[in-house]
Amino acid sequence: MDRASGYGPGGSGFESLRACQQSFTVEETPRLFIFLPLRLGKVRVGVSGELATHKDFMRIALDEAEKALESGEVPVGALVVIDGMVLARDHNRREETADPSAHAELLALRAACERMGDWRLPGATLYVTLEPCAMCAGAIVLARLTTVVFGAGDPAAGAGGSAYNILEDGRLGHRARVIAGVLEDECRELLQGFFDELR
C-alpha cells in the first residue's frame with residue numbers, strides 16, 4: 001500500500017503537473033505519431049494539442065486500473081505499445097502475487113519483452129495511469145523504451161520528474177521522453193476513490 005501513499009487529503013499527491021508544460025511539434029506518418037520535443041524534458045499535452053491516440057491508449061490503461069481496483073489492488077494500469085499495436089497490458093498485482101515488484105509497469109514490460117523475444121524495447125511507448133516509481137523507472141530505462149506517457153503525477157515517489165527524474169537522467173545509458181498528464185483527472189479520481197475507501 002506504499003505505492004502512491006501520498007495521495008489523499010493532506011497529501012501532495014494530486015498536485016498538477018501543469019507547471020511542466022512545454023511546446024512540441026508533431027509530425028504524422030502512417031500508423032505512427034512521432035513527437036519531437038523542442039528541448040529535453042517533460043512534454044505536457046495541452047488541450048488544443050492533445051492527441052486522440054494518447055487518450056485512447058490511456059483509456060486502455062484505465063481499464064486495467066479498474067481491474068486492479070476490483071481485486072483490491074492499488075488501481076494502476078499499464079500497457080506497452082509499438083507502432084500503434086498493444087504488445088502487453090496489465091495492472092498492479094502485488095496483493096495477488098505477494099510480490100513487491102508486481103507493479104503494472106513491470107508486469108506489462110515483462111510480457112512485452114517475452115512477446116518480442118528481447119529485453120530491449122526501442123520504439124516502444126509505455127502508458128501508465130500513475131507516474132512510475134523509481135523501481136519501474138529504472139526498468140523502463142534499462143529496457144530502452146522511447147516514451148513514457150502517464151496520467152496522474154506522484155510528487156511523493158514519482159520518478160518521471162516529480163520526486164525524481166530517473167526516466168530522463170541519462171546516467172543509466174538511456175533517456176525516455178516523458179509525456180505527463182494524459183487523462184490526469186480520471187487517473188487521479190480512481191486513485192483518490194481507492195484511498196478514500198481505505199480510510
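Conventions we followed
Residues numbered from 1 in each chain as written. Predicted model: local features only at pLDDT ≥ 70, side-chain atom pairs only at ≥ 80, totals over all residues. Heavy atoms only, no water. Helix = DSSP H or I, 4+ residues; strand = E, 2+ residues; numbered from the N terminus. Buried < 20%, exposed > 50% of the residue type's maximum accessible area, 1.4 Å probe, protein only. Areas by Shrake-Rupley, 256 points an atom, 1.4 Å probe, with all protein chains shown as cover. Salt bridge = Lys/Arg side-chain N within 4 Å of Asp/Glu carboxyl O.

Visitor: What exactly am I supposed to notice about the overall build of the protein here?
Guide: Within the protein one finds six helices and eight strands. Secondary structure elements of the protein occur, N-terminal to C-terminal, as β-β-β-α-β-β-α-α-β-α-β-α-β-α. Buried positions account for 51% of the 199 residues belonging to the protein. Surface accessibility of the protein: about 9200 Å² in total, with carbon and sulfur atoms responsible for 52%.

Visitor: Just to check I follow, could you spell out unusual backbone geometry for this structure?
Guide: Trans is the common state for peptide bonds, and a negative phi is the common state for residues other than glycine. One non-glycine residue with positive phi stands out, namely D83, at about 50 degrees. Residue position: D83 is located in the loop between β4 (77-82) and β5 (85-91). In this structure D83 comes out as partly exposed when scored by relative accessible area, which is 41%. Although it is not a glycine, A98 adopts a positive phi angle of roughly 55 degrees. The exposure class assigned to A98 is exposed, which follows from its relative accessible area of 69%.

Visitor: For this particular structure, what's the right way to read the pattern of salt bridges?
Guide: Opposite charge on two side chains allows them to pair when their charged atoms are near. This model, assessed by the stated rule, comprises nine salt bridges. Here D185 and R188 are joined by a salt bridge, their closest N and O atoms 3.0 Å apart. Of this pair, D185 and R188 both sit in helix α6 (residues 184-198), three residues apart, roughly one helical turn. Judged by its relative accessible area of 36%, D185 is partly exposed. Take R188: its relative accessible area is 17%, and that puts it in the buried class. Connected through shared salt-bridge partners, E64, K67 and R89 make up one network.

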